[in-house]
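Structural overview
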Amino acid sequence: MPILVMLVLALAAAPAVAQQPPPPTLDPVVVEGTRVPPERTATEQEAREELMARVPERGTRLERVARLDGGETCVCCRVSLSAGPGDATAVLWRKVFADDVRDVVVSRSSDGGRTFAPATIVHADGWKISACPHRGGRLATDARGRQYAVWYTEATADRPDVLFAVAPDGRRFGPPRRVNTARGSVPDHARLAMNATGRGILVWEDSTAVRRRILLRSIGEGGRSLGPVRSLSQAIKAWAPEVAVAPGGFLVAWHEERFPATRTIVQHVSSEETRR
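In short, a report on the structure. (Residues numbered from 1 in each chain as written. Predicted model: local features only at pLDDT ≥ 70, side-chain atom pairs only at ≥ 80, totals over all residues. Heavy atoms only, no water.)

Here the structure, examined in full by the defined rule, presents 15 salt bridges. Its salt-bridge partner being aspartate 100, residue arginine 102 comes within 3.2 Å of it at the nearest N-O pair. The exposure class of arginine 102 is buried, given its relative accessible area of 11%. A salt bridge links aspartate 188 to arginine 135; its shortest N-O distance comes to 2.8 Å. Here aspartate 188, found in strand β15 (residues 186-194), pairs with arginine 135, found in the loop between β10 (120-121) and β11 (138-141); they are 53 residues apart in sequence, far enough to count as distant. (Salt bridge = Lys/Arg side-chain N within 4 Å of Asp/Glu carboxyl O. Buried < 20%, exposed > 50% of the residue type's maximum accessible area, 1.4 Å probe, protein only. Helix = DSSP H or I, 4+ residues; strand = E, 2+ residues; numbered from the N terminus.)

Quick look at the structure:
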């Protein structure tokens, strides 16, 4: 049966410099897909599921595509992939459970993406919605194998929330903590970055009827604490934040409207700032 897949990890395939050893072979993982049975009629539903394929030999060969999990995925909530120490790899996505409950799960691999364990739930929010919310979560792993997850839900107290949880042993996530603190606004598009020592930052878009801001909270070592909320953007409308680990700290990027132009802002957040 035909399989459509989406690459979620960029392949660095620069040629090796003469007389220097080649860079390490990359084994990225392909996830997210829609399986369309050949016999499907126009009125039948597509089977949406998480798919996996290794791309070894510096992106020159695609191995067979296999299923990550037997259940249905919330296909518009994009997946997140994180590489840990050694051959550890993990994938986070929003799974569709019975009665249209859509909660976030993680599947882990200890052999570089060749095989994955059955998916386990990050937290049983019990968010029931008969539609795709278009809000996937993010996953990160530090050098000790501790895992960190952030995601959006509307199951807590009947309000939109961004939640953060830590798996200190890299397997079981503890109780989540609420990231957003403001009342009367909607937190959205949460992003997460963690350095090797287990310190990091959370950023998200905070929206009201008249303003959209990019907010940040630092993450203490091992996820033990969250710093105070700090506003990064200056414009009335700012959106679509992204984060990455960088030398000496982290990079945060977002778009903002400065009439009549739209600009992309990149800001460095130092590691020292995450200790506050």
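Still more ground to cover, so stick around.
A cis amide bond links phenylalanine 259 with the next residue in sequence, proline 260, at an omega value of 10°. Tracing the backbone shows proline 260 in the loop between β20 (249-258) and β21 (261-270). Despite not being glycine, histidine 189 has its phi angle at roughly 50°, a positive value. By secondary structure assignment, the location of histidine 189 is in strand β15. Looking at histidine 189, the relative accessible area reads 32%, which means it is partly exposed.

Counting 17 residues, the largest nonpolar core has Phe164, Leu192, Leu202 and Ile219 as the members making the most contacts within it. Elements supplying a minimum of two residues to this core: β12 (147-153), β13 (161-167), β15, β16 (200-207) and β17 (212-219). Residues contacting leucine 192, with those up to four places away along its chain left out, are Arg138, Leu139, Ala140, Tyr148, Ala149, Val150, Phe164, Ile201, Leu202, Ile219 and Val243. By size, the runner-up hydrophobic cluster in this structure holds 13 residues, among which are Val203, Leu232, Val252 and Ile265. (Core = buried A, V, L, I, M, F, W, Y, C linked by side-chain atoms within 4.5 Å. Contact = heavy atoms within 4.5 Å.)

Right, let's talk about the side chain of asparagine 195 for a bit. Looking at the secondary structure, you find asparagine 195 in the loop between β15 and β16. A polar contact of 2.8 Å, which involves the side chain of asparagine 195, links it to the side chain of threonine 197. Ignoring anything within four residues of it in the chain, the contact list for asparagine 195 reads Asp142, Val245 and Phe250. (Polar contact = N/O pair within 3.5 Å; in protein donor to acceptor, adjacent residues only side chain to side chain.)

In this section: the packing of aromatic side chains. In the structure shown here, the tally under the stated rule is two aromatic pairs. A ring pair is formed by tyrosine 148 and phenylalanine 164, whose centres lie 6.5 Å apart and whose planes are at 10°; its orientation type is stacked. One end of the pair, tyrosine 148, is in strand β12; the other, phenylalanine 164, is in strand β13, and 16 residues separate them in sequence. (Phe/Tyr/Trp six-rings, centres within 6.5 Å; stacked < 30°, edge-to-face > 60°.)

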